[in-house]
Amino acid sequence: MAAVSSRNQRFGRLVAILAIIAVTLVFLSPIYWIASTAFKPRNVATSVPPTVLFQPEVTPFVKLFTKRVQLKQPPTPEVYAAAPWWEKAIYDGGERILKVGNDVQLSQYPNRFLNSLIVSVVSTILAVGMGTITAYGFSRFRIKGEADLLFFILSTRMLPPVVVAIPMFLMYRSFDLTDTHLGLIILYTAFNLSFSVWLMKGFIDEIPKEYEEAALVDGYTRMQAFFKIVLPEAATGIAATAVFCFITAWNEYAFALIMTNRRAQTAPPFIPSQIGSGLPEWTVIAAGTVLFLLPVAIFTFLLRNHLLRGVTFGAIRK
Amino acid sequence: MARIQLDNISKVFGHHTALEHLDLDVADGEFFVLLGPTGAGKTTTLRLIAGLEKPTAGTIRISGLDVNSWGPAERDVALVLQQYSLYPRLTVRENLAFPLKSRIRNASADEIETRIAYAARTLRIEHLLDRKTDRLSGGEMQRVSIGRAIVREPRVFLMDEPLSNLDAKLRETMRSELKDLQRRLGATFIFVTHDQVEAMTMGDRMAVLNNGHVIQVGKPSEVYNNPRNTFVASFVGSPAINLLHGRLANNRAVVTPLTFELPVGGAGASEGAKEGAMTFGIRPEDVEVASGAPVEARIHDVENHGIEKIVTLRVGDNLLRASIPAQTEVKVEDAVRFGWDPEKVMLFDAATGVNLRHEAA
């Protein structure tokens, strides 16, 4: 009997593992697709049926980061010989373009990527910081009309943001906030704030207020008690909230497209703009997308322990 | 010196009145117990003294100074709670050092070390100092949180049911330890509990609270022997007092429905010209079960407590508890006879429940 049940258990485990592998494959396939495209030669990327085995190359990344000129006629042998290996690779790949000279001329991608980082990081810090303090206030003090205020804060999320895009754009234009980092930071902070307040209130409610009261009686101010006792206890919640806010800001497309075009443009509207006027540069777009996926993956990976505890907070806490 | 005075204190939360016209005067160095059922306002009173809540009306004085506008940090009181009283993530040593590191005290490293060593020795927690607080048992946690109060050398110790989460055996040990500690420190202790045994055994004086009012203040023996009303009488004392409804006629208690009659004496009766409907209170130890006693009853139930037996007697519809020596052999449904000590019978107004002796005074 015991042997049978243990055999059943082993079979069950096997099925579970196979199911997990299958689901993981399904979820990873688009990521594999985009990542492999980023390393494909240009003509291989669009071949039908898709090529699985190919000689990977880094030219899409080179093209993503640097600029070069369209050649009107084939380069002279001297020019070709003087060009660095990756330029030769691009030229040999069948494209009539070449970067002449040794100074590297960067494309706009690094700048757009940096814009995305600045806007997302700053707006996440602001949204989580303000949200935590607001949530603390709601959680710990008797506030007149608390329920109404909290509902008001939540209600800012009930409208699809794009609905207000045009009025926002007009307002931003009169305040000279279009195409500025500050403009996007304000916008994303406002988007994330209500979410951050609600999420953080849940987390802070879970922290017994007796801890701070003990600190108050022990000679600390409310502010010191907040930083010494509440913040360390809320770290898990803060991490979870930060990941969600960061992802929202990082992936935001519509407002970034409307509000920015050059100086403060972020990566999401920039990458598709590279489709260009001629043939779509699928490999370059794929390379840009792969790099774009990395920060969120790294950030989530770093906070993974907090995140797991954070999203299952109410369930496993006594 | 830390005398605590609460003068006509009221506290209202929204539509709920937690305390109403509360007066208390706790002497310096006194072990003062606030006793009452859940919701009586004990914890609110403590939080008002600690400065965690502001009174809606009235004045709180510590050592004669009006502290109404003072924050908790300035009042120099220590608070020990029933639970959640230790800072998480910190070791026992860090917990003990925490109050000393506040900007108000700003103690030197040597000073902190000395005080922690003293508190740890006093409470016998030296071996726990480097442990994280989540690795402590309930009793150890409670000791550490008392230690965190001791290191500060506060003027007043406020304790909110510090023993309620401990098991019975440990609670008993901690009771005498706390009392002993208070004697050695000579500090003012205000101790909140709903357990009348703690109040009786530990308090120099106690206040019985109910529904936001102080019902009676006094030494435990006074409160026990001369309760102000039926609420205090039944709340204090274990096993609980017997309260019987009846009439007073010719200095005799006629317990209704007419099942028995016994004499009453003592202060209440001699002054009580007032005859008529009344509630009679008699403690189980003042009920005598003896063969020559005047009233016949049946044994309804027997509880053996080891040092004595508590028997429940049934007379008609009335049940009445008596304590008898443990050696006495009794069985359920045995016929026995009982009487009571007329001097020990308390008379309460049938309508208001107020002790007539208090009413006369």
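Note that the structure is predicted; figures quoted are calculated from it, not measured.

Engineer: What exactly am I supposed to notice about the overall build of chain B here?
Structural biologist: When you go through chain B residue by residue, the secondary structure sums to eleven helices and 20 strands. Taken over the C-alpha atoms alone, chain B extends approximately 75 × 45 × 35 Å along its principal axes. Taken over 361 residues, chain B has a buried fraction of 52%. Residue pairs at least 24 apart in sequence account for 67% of intrachain contacts in chain B once pairs closer than 6 positions are excluded. Of the accessible surface of chain B, which amounts to about 16100 Å², a share of 48% is contributed by carbon and sulfur atoms. Counting 43 positive and 47 negative side-chain charges, chain B places the averaged centre of each group 5 Å from the other.

Engineer: Even after reading the chapter, I still don't get the packing of aromatic side chains, so can you show me in this structure?
Structural biologist: This model, assessed by the stated rule, comprises 21 aromatic pairs over all chains. Among the aromatic residues, those joined into a ring-pair cluster are Phe65(A), Tyr109(A), Phe113(A), Phe246(A), Trp250(A), Phe270(A), Phe292(A) and Phe299(A). The cationic tip of Lys40(A) hangs over the ring face of Trp33(A); the distance from NZ or CZ to the ring centre is 5.6 Å. The lysine or arginine in question, Arg283(B), covers the ring of Tyr224(B), its NZ or CZ lying 3.9 Å from the ring centre.

Engineer: Which parts of the structure should I look at to understand the pattern of salt bridges?
Structural biologist: Any two side chains of opposite charge can pair if their charged atoms end up close together. Tallied over the full model, the rule gives 30 salt bridges over all chains. Among the salt bridges present, the one from Lys11(B) reaches Glu53(B), with a minimum N-O distance of 3.9 Å. Residue Lys11(B) is found in strand 1 (residues 4-13), and its partner Glu53(B) is found in the loop between helix 1 (42-50) and strand 4 (57-62); the two are separated by 42 residues along the sequence. Accessibility classification places Lys11(B) together with Glu53(B) in one group, the buried group. Between Asp76(B) and Arg152(B) there is a salt bridge, and its shortest N-O distance comes to 3.7 Å. Placement of the pair is Asp76(B) in the loop between helix 2 (72-75) and strand 6 (77-80) and Arg152(B) in the loop between helix 5 (138-150) and strand 7 (156-160), with a sequence separation of 76 residues. Note on Arg152(B): relative accessible area 3%, which makes it buried. Sharing partners across several salt bridges, the network here consists of Arg142(A), Glu213(A), Lys11(B), Arg47(B) and Glu53(B).

Engineer: So what exactly am I meant to see when it comes to the interface of chain A and chain B here?
Structural biologist: Contacts between the two partners involve 18 residues from chain A and, on the opposite side, 27 residues from chain B. Its largest share of buried area at the contact with chain B, chain A owes to Val217(A), Asp218(A) and Tyr220(A), together 33% of the area lost on that side. As a salt-bridge pair, Arg89(B) and Glu233(A) come within 2.5 Å of each other at their nearest N and O atoms. Where chain A meets chain B, there are 13 residue pairs in polar contact (both at pLDDT 80 or more). Elements with a minimum of two residues in the side of chain A that touches chain B: helix 10 (210-217) and helix 11 (222-251) of chain A.

Engineer: Would you mind showing me how to read the domain arrangement of chain A here?
Structural biologist: Interface size is often expressed as the accessible area that is lost when the parts come together. Taken as a whole, chain A is organised into domain 1 (2-37), domain 2 (67-104) and domain 3 (109-311). Here the C-alpha centre of domain 3 of chain A lies 34 Å away from the C-alpha centre of domain 1 of chain A.

Engineer: Honestly, the sheet that holds strand 5 (residues 65-66) of chain B in this entry has me stumped. Any pointers?
Structural biologist: Paired through backbone hydrogen bonds, the strands of a sheet run either parallel or antiparallel to each other. All names here are of chain B. Spatially, the four strands line up as an open sheet ordered 2-1-4-5, and their pairing is antiparallel. The open sheet has two edge strands with one neighbour each: strand 2 (16-26) and strand 5. Judged from the two bridges that link them, strand 4 and strand 5 form a sheet pairing that is antiparallel. From the neighbouring strand, isoleucine 62 faces strand 5, where its bridge partner is leucine 65.

Engineer: How should the environment of Met259(A) be read in this particular structure?
Structural biologist: Residue and element names in this part refer to chain A. Following the sequence through the fold, methionine 259 ends up in helix 12 (residues 254-259). Spatially, the C-alpha atom of methionine 259 lies 8.0 Å from that of tyrosine 172, the residues being 87 residues apart in sequence. Setting aside residues up to four positions removed in sequence, methionine 259 forms contacts with Ala165, Met168, Phe169, Tyr172, Thr178, Asp179, Leu184 and Leu187.

Engineer: Before we go on, may I ask you to explain the confidence of the model for chain B in this structure?
Structural biologist: Detailed reading of the predicted model is not advised wherever pLDDT is low. The share of residues in chain B with pLDDT of 70 or more is 94%, and the mean pLDDT across the chain is 87. As a predicted assembly, this complex carries a pTM of 0.78 together with an ipTM value of 0.78.

Engineer: Would you mind showing me how to read the nonpolar core here?
Structural biologist: Generally speaking, a soluble globular protein has its nonpolar side chains buried in company with each other. All names here are of chain B. In this structure, Ile146 and Leu178 are the most contacted members of the largest nonpolar core, which totals 44 residues. Of the residues forming this core, the biggest block, five residues, is contributed by helix 4 (residues 109-123). Once you skip the residues sitting within four places of it in the chain, isoleucine 146 turns out to touch Val80, Leu123, Met159, Met174, Leu178 and Leu181. With 30 residues, the next largest nonpolar core counts Ala2, Ile62, Val67 and Leu81 among its residues.

Engineer: Help me understand the sheet that holds strand 9 (residues 205-210) of chain B in this model?
Structural biologist: Residue and element names in this part refer to chain B. If you trace the six strands from one edge of the open sheet to the other, you get 6-7-8-3-9-10, paired in mixed fashion. Looking at the sheet topology across the chains shown, the edges are occupied by strand 6 and strand 10 (213-218). Going across the sheet, the axis of each strand differs from the next one's by a mean of 15 degrees, ignoring polarity. Relative to strand 9, strand 3 (residues 31-35) runs parallel, the two being bridged by four bridges. Counted as the bridge partner of leucine 35 is valine 208 from strand 9.

Engineer: Whenever I open this one, the pairing of strand 1 of chain B confuses me. Can you help?
Structural biologist: Residue and element names in this part refer to chain B. Where strand 1 lies against strand 4, five bridges are found, and the strand directions are antiparallel. In the strand pairing of strand 4, serine 10 is matched with alanine 57. Pairing of strand 1 with strand 2, which is carried by seven bridges, proceeds in the antiparallel orientation. Along strand 2, the bridge assignment pairs valine 12 with threonine 17. From the end of strand 1 to the start of strand 2, which pair antiparallel, there are two residues, and glycine 14 there has a positive phi angle of about 60 degrees.

Engineer: Which parts of the structure should I look at to understand unusual backbone geometry?
Structural biologist: Excluding glycine, a negative phi dihedral is what most residues carry, and trans is how most peptide bonds are arranged. Omega for the peptide link from Val48(A) to Pro49(A) comes to -5 degrees, which places this bond in the cis form. Take Pro49(A): it is sitting in the loop between helix 2 (42-45) and helix 3 (59-65). Residues other than glycine seldom take positive phi values, yet Asn211(B) does so here, at roughly 50 degrees. Following the sequence through the fold, Asn211(B) ends up in the loop between strand 9 and strand 10.

About the thresholds
- Residues numbered from 1 in each chain as written.
- Chains lettered and ligands numbered in written order.
- Predicted model: local features only at pLDDT ≥ 70, side-chain atom pairs only at ≥ 80, totals over all residues.
- Heavy atoms only, no water.
- Helix = DSSP H or I, 4+ residues; strand = E, 2+ residues; numbered from the N terminus.
- Buried < 20%, exposed > 50% of the residue type's maximum accessible area, 1.4 Å probe, protein only.
- Contact = heavy atoms within 4.5 Å.
- Areas by Shrake-Rupley, 256 points an atom, 1.4 Å probe, with all protein chains shown as cover.
- Lys, Arg positive; Asp, Glu negative; His and termini not counted.
- Charge placed at Lys NZ, Arg CZ, Asp CG, Glu CD.
- Phe/Tyr/Trp six-rings, centres within 6.5 Å; stacked < 30°, edge-to-face > 60°.
- Lys NZ or Arg CZ within 6 Å of the ring centre and 35° of its normal.
- Salt bridge = Lys/Arg side-chain N within 4 Å of Asp/Glu carboxyl O.
- Buried area = accessible area lost by both parts, 1.4 Å probe.
- Polar contact = N/O pair within 3.5 Å; in protein donor to acceptor, adjacent residues only side chain to side chain.
- Domains from an automatic or database assignment.
- Pairing = 2+ DSSP bridges.
- pLDDT = per-residue confidence, 0-100.
- Core = buried A, V, L, I, M, F, W, Y, C linked by side-chain atoms within 4.5 Å.
- Axes fitted to C-alpha atoms, helices over the stretch in contact; angles between N-to-C directions.

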